Amino acid sequence: MNKPVDAPLGLQGAGPEDPALAHWRGEYASQIGTDRPVHNRSGIPIRPLYTAADWNPARESATGLPGQAPYTRGIYATMHRGRTWTQRQLIGLGTPAEYNARLQGVLGAGATAVSLIPCNSVFRGVDMDESHFELLGTCGTVVNTAEHMDRALQGVDLAQTSCALNDPSPFTLLAFMLAAARKRGTDWRQVSGTSNQSDYISHYVANHMFFRLALPGARRVLADHIDFCNRFVPKWNPMSVVGQHMQQAGATPAEAVAFTLSTAIQNAEDCIARGMDPDTFLPRFTFFFDISISFFEEIAKFRAARRIWAKVTRERLGAKDPRSWRFKFHGQTSGVDLTRQQPLNNVARVAVQAMAGIFGGLQSLHTDAYDEALSCPSEFGARIAVATQNILREEAHLTDVIDPLGGSHYVEALTDQMQAEIERVMGLVQEAGGMYKAVESGLVQRMIGESARHFQAQVDRGEQTVVGVNAYQVDEDRSARPVNARPDPAAMRAHVAAFAAFKAARPAAEVQRALDALARAAGAARDNVFGRVVEAAEAGCTHGEICATLRRELGFGHVQALV
Amino acid sequence: MSSSNLIPKVLVTKIGFDGHDRGSRVVAAALRDAGMEVIYTPPWQEIAAVVKLATEEDVDVIGISSLATDHLIVPKLMQALREAGLGDVAVIVGGIVPDEDEQLLLEAGVARVFHPGSSLPSIAAAVRELAAGVRARRTTV
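Residues numbered from 1 in each chain as written. Chains lettered and ligands numbered in written order. Predicted model: local features only at pLDDT ≥ 70, side-chain atom pairs only at ≥ 80, totals over all residues.

### Things to note about the overall build of chain A
Across its full length, chain A holds 23 helices and nine strands. Relative to its length of 563 residues, chain A is compact, with a C-alpha radius of gyration of 24 Å against a globular reference of 24 Å. Expressed as lengths along the three principal axes of its C-alpha atoms, the size of chain A is roughly 85 × 60 × 45 Å. Counted over contacts in chain A with a minimum sequence separation of 6, partners at least 24 positions apart contribute 78%. (Helix = DSSP H or I, 4+ residues; strand = E, 2+ residues; numbered from the N terminus. Rg over C-alpha atoms; globule rule 2.2 N^0.38 Å. Contact = placed C-beta atoms within 7 Å.)

In structure tokens form, the structure reads like this:
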């Protein structure tokens with residue numbers, strides 16, 4: 001660790017230089033004129049040429065083969081030649097019925113798994129009757145009860161379809177889904193998918209989208225959630241460690257990976273401290289990352305992350321099962337790279353980002369709609385995003401060969417350098433006492449804010465070209481802009497009215513009993529809070545009621561004002 | 001006082017549900033670096049809290065960052081500001097604002113809307129000019 005990222009590599013290496021290389025060096029120097037220094041987004045200096053001398057191809061233990069630790073070349077022997085990746089588009093808008101109609105369309109277009117983005121009011125821990133009506137359903141689906149979830153997923157076989165829920169602590173959406181599954185007679189042991197927003201640390205650091213309990217409460221409820229799913233919903237991935245928020249908030253790609261792996265270590269060590277065996281829960285840890293347009297850097301980032309995780313799980317966390325060592329990740333193309341100016345250009349950007357993720361060896365992919373910098377994505381934009389994946393997967397021959405860039409002098413050397421930079425930042429977090437402490441003190445938040453300002457300054461100075469923004473500006477043809485989709489206000493009013501009727505008709509005593517049990521569980525270390533959330537969901541409690549109860553018992557995690 | 005030597009006082013905040021604060025933090029830091037007095041709040045402010053803070057701090061400009069449709073309640077903020085006697089404060093909105101909504105905001109009294117791609121110097125220059133206008137109107141009243 002703490003290896004300088006620009007450690008001299010082979011080009012300046014000792015010993016007599018190859019005459020051909022010396023000749024190239026002379027020609028390069030005489031023809032290039034003033035050579036501009038190039039750094040990638042993680043701050044690593046990039047040379048004009050890489051050769052075999054820049055990395056060590058004989059180092060089999062580091063590069064190895066796919067499906068073999070340390071998995072630099074991929075976590076499975078077959079990788080995309082066998083099963084490609086899960087095509088998982090984020091969708092969510094309007095009422096549960098409107099969501100369901102949109103879902104059927106996306107599944108028909110080739111998506112192979114379901115995702116659900118709830119309304120921002122849900123993210124904030126409140127029900128629709130506590131919200132500004134103007135905002136309901138404009139960014140996600142208004143799901144407040146188990147009944148709403150059942151309607152949203154109507155026609156979806158929960159035993160067959162992997163569902164990703166954007167479901168922060170206390171995981172009410174999964175609780176609603178489990179309630180719906182029980183009602184339909186679906187065995188919980190067959191229910192599969194991922195709690196996409198279970199990483200409270202990333203929320204504290206980078207994305208204040210979500211209701212969150214004060215840090216100690218958030219930490220405890222997450223461990224309860226992992227423990228519960230482990231025992232009763234074994235095909236569910238309860239822990240998605242999120243680097244996406246951090247990179248979107250401004251962390252460099254290397255910082256984002258370093259913070260994410262540090263978070264994963266923190267959560268794993270919390271579970272181990274409860275007496276859990278790492279090999280029971282690590283195989284269900286997944287990661288979620290941003291894919292920026294810095295193409296080679298992103299590929300090297302993912303290769304390096306796999307290598308580090310394989311080392312950490314074995315050496316630090318003591319995992320013995322190879323399934324625990326595998327760094328499984330979902331990638332999302334970066335919205336920050338998309339521009340409002342000349343929005344159709346974003347189709348090209350998303351394709352490049354997605355290719356970086358594919359060559360980086362991802363397991364699951366969301367491609368952004370081109371209109372994300374204009375509004376919440378339109379259905380038309382979402383269709384092009386799905387088609388982009390279909391083209392890359394089936395037309396472009398990108399998946400014929402496993403890790404096709406493996407062995408590239410540049411990609412291998414950059415993988416080494418990204419690893420060194422990631423490990424340097426992980427070292428800073430470790431020195432601060434681990435990720436929990438580093439977040440509590442604001443260290444990580446400050447580093448991300450600093451990187452965000454640095455990047456914006458580069459764009460403002462024109463050092464980083466953004467086509468249509470600081471270069472190649474044209475008079476805009478606004479006709480290419482999509483129609484802004486908003487939920488039908490009449491349908492939303494009916495949804496609100498039905499919710500009021502539902503609440504009035506519930507057996508009040510049963511609801512109160514479930515909320516009381518939840519409150520008691522929050523105060524009893526041996527109880528499982530998430531188990532009580534599931535019971536509350538089945539008793540007809542609403543999302544807002546569950547969140548309010550836990551907020552009262554465990555405190556709220558306020559945002560620090562860090563500028 | 002001329003626009004070159006007054007120190008604008010700016011409140012940078014977010015109302016509604018969205019918590020993406022990269023934009024508000026970067027803009028707040030840039031305005032502060034440009035020599036302005038910046039009052040920054042974390043996301044999730046209630047409209048009433050923003051009005052109260054603007055009153056107590058006597059700000060010239062309020063910057064609202066909106067990345068996920070929260071701009072739809074900015075007209076409610078404008079109304080609340082007018083009712084509190086703060087109709088002269090310049091309100092700007094930055095973030096993801098669709099074209100048709102921009103018109104809606106301008107009609108509600110918003111001074112400027114900044115879209116993705118706006119440079120920090122251009123935002124600082126606009127804020128300085130708006131603040132100068134606010135001060136000039138206040139001194140002539």
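### Observations regarding the overall build of chain B
Each helix and strand counted, chain B has five helices and five strands in total. The helix and strand sequence of chain B, counted from the amino end, reads β-α-β-α-β-α-β-α-β-α. Here chain B has a C-alpha radius of gyration of 14 Å; the compact-globule value for 141 residues is 14 Å, and the two agree. For chain B, the residues scored as buried account for 52% of the 141 residues in total. Within chain B, residue pairs in contact and separated by at least 24 positions form 77% of the contacts whose partners lie at least 6 positions apart. (Buried ≥ 20, exposed ≤ 12 C-beta atoms within 10 Å, placed from the backbone.)

### Let's talk about the interface of chain A and chain B
On the side of chain B, 30 residues touch chain A, which itself brings 34 residues to the contact. Residue assignment for the side of chain A that touches chain B shows that the elements contributing at least two residues are helix H5 (120–123) and helix H19 (443–460) of chain A. Looking at which element gives the most residues to the side of chain A that touches chain B, the answer is H19 of chain A, with five residues.

### Brief notes about the sheet that holds strand S5 (residues 236–237) of chain A
Residue and element names in this part refer to chain A. The four strands are arranged S2-S3-S4-S5 in an open sheet whose pairing can be described as parallel. Single-partner strands in this sheet number two, and they are strand S2 (114–116) and S5. Direction of pairing for strand S4 (residues 193–195) relative to S5: parallel, over a ladder of two bridges. Paired with Thr194 across the bridge in S5 is Asn237. The strands touched by helix H7 (residues 172–184) are S2, strand S3 (163–165) and S4; relative to S3, the strand with the most contacts, the crossing angle is about 145 degrees. (Pairing = 2+ DSSP bridges. Axes fitted to C-alpha atoms, helices over the stretch in contact; angles between N-to-C directions.)

### Side note on helix H1 (residues 22–33) of chain B
A rise of 1.5 Å per residue sets the reference length of H1 of chain B, with its twelve residues, at 16 Å; its end C-alpha atoms lie 16 Å apart and thus fit the reference within 8%. When you tally the buried positions in H1 of chain B, you get ten out of twelve residues, the bulk of the element. Those residues of H1 of chain B not exposed but buried are Arg22, Gly23, Ser24, Arg25, Val26, Val27, Ala28, Ala29, Ala30 and Leu31 of chain B. The elements touched by buried residues of H1 of chain B are H19 of chain A together with strand S1 (9–13), strand S2 (37–40), strand S3 (61–66), strand S4 (90–95) and helix H5 (120–140) of chain B. Downstream of H1 of chain B by a residue or two, Gly35 of chain B has a phi angle that is positive, lying close to 95 degrees. (Expected span 1.5 Å × (residues − 1).)

### Here's the deal with the environment of Leu174 of chain A
Residues and elements named next belong to chain A. With respect to the helices and strands, the residue Leu174 is situated in helix H7. C-beta crowding within 10 Å serves as the criterion here: with 28 such atoms nearby, Leu174 is assigned to the buried category. Sequence spacing of Leu174 and Ala109 is 65 residues, and the spatial spacing of their C-alpha atoms is 25 Å. Sequence-distant contacts of Leu174, that is, excluding residues within four places in its chain, are made with Leu165, Asp167 and Ser195.

### Considerations on unusual backbone geometry
All names here are of chain A. Following Ala69, the chain continues into Pro70 via a peptide bond in cis, with omega recorded as 5 degrees. Along the polypeptide, Pro70 turns up in the loop between helix H2 (60–63) and helix H3 (79–82). Phi at His397 takes a positive value of approximately 60 degrees, unusual for a residue other than glycine. For Tyr472, which is not a glycine, the phi torsion comes out positive at approximately 55 degrees. Here Tyr472 is to be found in the loop between H19 and helix H20 (489–505).

### Side note on the confidence of the model for chain A
All names here are of chain A. For chain A, the mean per-residue pLDDT works out to 90, and 94% of the residues sit at or above 70. When mean pLDDT is compared element by element in chain A, helix H22 (residues 529–538) scores highest at 98, while H2 scores lowest at 66. Considering only residues more than four positions removed or in separate chains, one finds that residues 1–14, a stretch of pLDDT under 50, has 22 contacts. (pLDDT = per-residue confidence, 0-100.)

### A look at the packing of helix H2 (residues 47–57) of chain B against helix H3 (residues 74–83) of chain B
Two numbers describe a pair of packed helices, the interaxial angle and the distance between the axes. All names here are of chain B. It is at 10 Å that the axes of H2 and H3 come closest, and there the two elements cross at 45 degrees. Between H2 and H3, the angle is such that the two are oblique. With respect to the hand of their crossing, H2 and H3 are arranged in right-handed fashion. Contact with H2, carried on its side by Ile47, Ala48, Val50 and Val51, involves Lys76, Leu77, Ala80 and Leu81 of H3 and no other residues of that element. Grouping the constituent residues of the contact of H2 with H3 by class yields seven nonpolar, no polar and one charged. (Parallel < 35°, antiparallel > 145°, perpendicular 65-115°, else oblique. Left-handed = near helix turned anticlockwise from the far one by under 90°. Nonpolar A, V, L, I, M, F, W, Y, C, P; charged D, E, K, R; others polar.)

### Looking at the domain arrangement of chain A
Residue and element names in this part refer to chain A. Examined at the domain level, chain A breaks down into domain 1 (60–460) and domain 2 (489–554). Computed over C-alpha atoms only, the centres of domain 1 and domain 2 are separated by 27 Å. If you look at the interface, domain 1 gives 34 residues, while domain 2 gives 23 residues. Mapped onto the side of domain 1 that touches domain 2, the elements with two or more residues apiece are helix H6 (146–152), H7 and helix H9 (215–232). Of the residues assigned to the side of domain 1 that touches domain 2, the class counts are 17 nonpolar, nine polar and eight charged. (Domains from an automatic or database assignment.)

### With respect to the pairing of S1 of chain B
All names here are of chain B. Of all the five residues making up S1, four are buried; the element is thus mostly covered by neighbouring parts of the structure. Taken together, the four bridges between S1 and S2 define a ladder with parallel strand orientation. Residue pairing across strands places Val10 opposite Val38, the latter belonging to S2. Here S1 runs beside S3; their pairing, made up of four bridges, is parallel. Bridge pairing in S3 links Leu11 to Ile62.

### So, the sheet that holds strand S5 (residues 112–114) of chain B
Residue and element names in this part refer to chain B. In spatial order, the strands read S2-S1-S3-S4-S5; together these five strands make up an open sheet with parallel pairing. Of all the strands in the sheet, just S2 and S5 have a single pairing partner and so form its edges. For this sheet the average axis-to-axis angle between neighbouring strands, irrespective of direction, equals 20 degrees. Summarising the sheet, S3 and S4 pair through six bridges and their orientation is parallel. Note that in S4 the partner of Ser66 across the bridge is Gly95.

### Details of the packing of helix H21 (residues 508–523) of chain A against H22 of chain A
Residue and element names in this part refer to chain A. Relative orientation of the contacting elements H21 and H22 amounts to 175 degrees, with a least axis distance of 9 Å. Classified by the interaxial angle, the pair formed by H21 and H22 is roughly antiparallel. Two secondary-structure elements touch here, H21 through Ala514, Leu515, Ala517, Leu518, Ala521 and Ala522 and H22 through Val529, Arg532, Val533, Glu535 and Ala536. The class makeup of the residues in the contact of H21 with H22 is nine nonpolar, no polar and two charged.

### What about the nonpolar core?
Core analysis: the largest hydrophobic core is formed by 186 residues, its most contacted members being Phe176, Met177 and Val533 of chain A together with Val61 of chain B. Considering every element that reaches this core, the biggest residue donor is helix H11 (residues 253–273) of chain A, with ten residues. Looking at this core, you find at least three residues from each of domain 1 (60–460) and domain 2 (489–554) of chain A. (Core = buried A, V, L, I, M, F, W, Y, C linked by C-beta atoms within 7 Å.)

### Brief notes about helix H15 (residues 345–359) of chain A
Residue and element names in this part refer to chain A. End to end, H15 covers 22 Å across 15 residues, agreeing with the expected 21 Å (1.5 Å per residue, within 8%). Asn346, Arg349, Val350, Gln353, Ala354, Ala356, Gly357, Ile358 and Phe359 are the residues of H15 that are buried. Residues of H15 that are buried sit in contact with H3, strand S7 (285–291), helix H13 (295–316), strand S8 (329–333), strand S9 (364–366) and helix H16 (379–394). Gly361 sits one or two positions beyond H15 and adopts a positive phi of about 85 degrees.

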